[in-house]
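An overview of the molecular structure
Listed below are the residues making up each chain.
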Amino acid sequence: MLVVIVILTAIGVVCGIIIYVVNRVLPPEDEALKKTEEISNCLPGMNCGACGYPGCFAYAQALAKNPELISESTCATVLQNQEMLEGLGSALGIKLNPSIGKKALVYCTGDTRVLGDYSGAKSCKAASRYVGGTKKCPYGCLGFGDCVEVCPEGAIHMDKERNIAVIDPEKCNGCGLCVKECPKNIIKLVPANTKIAFLCSYDSLKDIPGREKCDRGCIHCRKCYKACEYEAIVWNKEKAIPEFDIEKCTLCGACVKACPQNTLTEFSNILRKVPV
Amino acid sequence: MECKEESRSLASETKTRKSMSSFWKEFLKGIVVSNPVFILVLGLCPTLAVSSSLDNALGMSAGVIFVLLGSNIIIALIRNATPNLVRIPVFIVVIATFVTILTLSFEAYLPPLYESLGIYLPLIVVNCIILGRAEVFASKNPVLLSIADALGIGLGFTLALFIISFIRELFGTGTLSIFGRELLKLPVLSEHPLTIFILPSGAFLVIGFLLALFRWTGVIKGE
């Protein structure tokens, strides 16, 4: 019996030594993996998946390949934490500031008219499945608050008066869960340093809401485009909507004043939603 | 004196010739007559799992040949010192050593293959082809024959994986490519591939039909 134990142990030890030798002969961990680990150490490590990757390590791997990715899919938790942000910036070799983050914005003023009485399930998804929505504008916020429930930060509340979801930019961490939840696809992520909010989300020239459907929808009058002195507004001809250049915008407010429909609002005024 | 020497050299010559012929016999046996997948029907788990593309199949085969060769040599070398009572643990320890070496080298030199083979690489440890050859052959035969057996069985495994993955990749994707180079592209199939061939159920179907075909044509003889 003793012989058996000794032989088996000896074989095991010899095999262990062989593996050790082989491991020493093989090239050491390559730079890419080291960098990935360094990046991974700067991430929260709670694998929430909000960045769109299966976990923090997968996100770190993607970042190691392409640091530019951080502006497309950002880790919301890192942005809230100055220390982590600086660590990640030095690991990636680029300067980061909190404004690379995204904020969710409801692209609707909520003033579209109601089709008729709806007494079905109080859920945006159910309503949009059933009759394609309860509003005249096909791009209108239905106002049943599916997005309110998914928000982990409690940043969304329903404006009961106007029957529309309002997202607090201060609380929003840009995780994008509400974007996926909205059956009308009218919640979009915008850069956190956005200055002017365009609260209408029609997709093509064919079905512009127009005055008969919505009191505050864009009527593509181009007044905002003409009002801007800093060339910060570019007119998208295909969709007939204004597009904003954050860098050039001075927040002078000329376009907001010029907008006859009040579709444009200063981003910081979102919570108030003041119709003049 | 001369005569004696002559006869001795003659004897050694016949001995080597004999051993050479048995070497070839053992080697060729593994490829068709006792093909590990089609005839012994061993190691079906990795066969089903990694035969979805030619790259994976060839990488897996190379790994299995390496581990099989290494473990067969070592087990044949220590076959007289191995107590019968603990022979299976000894086999496993030896096989695990080679699998660890293989895994480490794949990770270092072929990371894409390492990633696509995934869990099936470390699972070679419990691959029944390797354990089977250790138990049936290497623990009872000298080193040279064990090498022949390992190479033959390994090539047989490669052949089987090649046939299966060839069919699966061709019909499942409509294209054939080895290590990033496209060899063949079928006109209609590449646009509307039969995805079932890539799925696990496709592996079962392909192996089943191949076995049936081989029996029918008499390549495999029923008992």
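Residues numbered from 1 in each chain as written. Chains lettered and ligands numbered in written order. Predicted model: local features only at pLDDT ≥ 70, side-chain atom pairs only at ≥ 80, totals over all residues.

Structural notes on the overall build of chain B
When helices and strands are tallied, chain B shows eight helices and two strands. Start at the N end of chain B and walk to the C end: the helices and strands fall as α-α-α-α-α-α-α-β-β-α. Residue burial in chain B is summarised as follows: out of 223 residues, 35% are buried. In chain B, once contacts between residues fewer than 6 apart in sequence are set aside, the share between residues at least 24 apart is 76%. (Helix = DSSP H or I, 4+ residues; strand = E, 2+ residues; numbered from the N terminus. Buried ≥ 20, exposed ≤ 12 C-beta atoms within 10 Å, placed from the backbone. Contact = placed C-beta atoms within 7 Å.)

Describing the interface of chain B and chain A
A common way to report how large an interface is uses the accessible area buried once the components associate. Each partner contributes to the interface: chain B provides 14 residues, whereas chain A provides 13 residues. Split by residue class, the side of chain B that touches chain A holds eleven nonpolar, three polar and no charged. (Nonpolar A, V, L, I, M, F, W, Y, C, P; charged D, E, K, R; others polar.)

Quick notes on the packing of helix H3 (residues 54–77) of chain B against helix H6 (residues 128–138) of chain B
Residue and element names in this part refer to chain B. For the pair H3 and H6, the least separation of the axes is 10 Å and the interaxial angle reads 30°. Viewed along their axes, H3 and H6 adopt a mutual orientation that is roughly parallel. When you trace H3 past H6, the crossing you get is right-handed. Contact with H3, carried on its side by Val-64, Val-67, Leu-68, Ser-71, Asn-72, Ile-75 and Ala-76, involves Ile-129, Ile-130, Arg-133, Ala-134 and Ala-138 of H6 and no other residues of that element. Partitioned by chemical class, the residues of the contact of H3 with H6 number nine nonpolar, two polar and one charged. (Axes fitted to C-alpha atoms, helices over the stretch in contact; angles between N-to-C directions. Parallel < 35°, antiparallel > 145°, perpendicular 65-115°, else oblique. Left-handed = near helix turned anticlockwise from the far one by under 90°.)

A look at the nonpolar core
Val67(B) and Val94(B) are the most contacted members of the largest nonpolar core, which has 46 residues in total. For this core, the elements supplying multiple residues, two or more each, are helix H1 (2–25) of chain A together with H3, helix H4 (87–109), H6, helix H7 (143–173) and helix H8 (200–217) of chain B. Sort the elements by how many residues they give to this core and H4(B) lands first, with ten residues. Ignoring any residue separated from it by four or fewer positions in sequence, one finds Val94(B) in contact with Cys15(A), Ser71(B), Ile74(B) and Ile75(B). Formed by 43 residues, the second largest nonpolar core is a distinct cluster that contains Cys147(A), Ile156(A), Ala165(A) and Phe244(A). (Core = buried A, V, L, I, M, F, W, Y, C linked by C-beta atoms within 7 Å.)

Thoughts on the confidence of the model for chain A
Mean pLDDT over chain A stands at 80; residues scoring 70 or higher make up 91%. The weakest mean pLDDT in chain A belongs to helix H4 (residues 76–79) of chain A at 75; the strongest belongs to H1(A) at 89. (pLDDT = per-residue confidence, 0-100.)

Observations regarding the environment of Leu199(B)
All names here are of chain B. Looking at the secondary structure, you find Leu-199 in the loop between strand S2 (181–185) and H8. Residue Leu-199 is classed as partly exposed on the basis of its 14 C-beta neighbours within 10 Å. Distance from Leu-199 to Gly-172, taken between C-alpha atoms, is 8.4 Å for residues 27 residues apart in sequence.

Looking at unusual backbone geometry
All names here are of chain A. Phi at Asn-185 takes a positive value of approximately 55°, unusual for a residue other than glycine. Tracing the backbone through its elements, the reader meets Asn-185 in the loop between helix H8 (177–181) and strand S4 (187–191). On the basis of neighbour counts, which here come to 12 C-beta atoms within 10 Å, the residue Asn-185 falls in the exposed class. Of note, the phi angle at Glu-231 is positive, near 55°, even though the residue is not glycine.

A short note on the environment of Pro46(B)
Residue and element names in this part refer to chain B. The residue Pro-46 is located in helix H2 (residues 44–50) in this model. Judged by local crowding, Pro-46 falls into the buried class, with 26 C-beta atoms found within 10 Å. Through-space distance from the C-alpha of Pro-46 to that of Leu-123 is 8.2 Å; in sequence the pair is 77 residues apart. Ignoring any residue separated from it by four or fewer positions in sequence, one finds Pro-46 in contact with Met-60, Tyr-120, Leu-123 and Asn-127.

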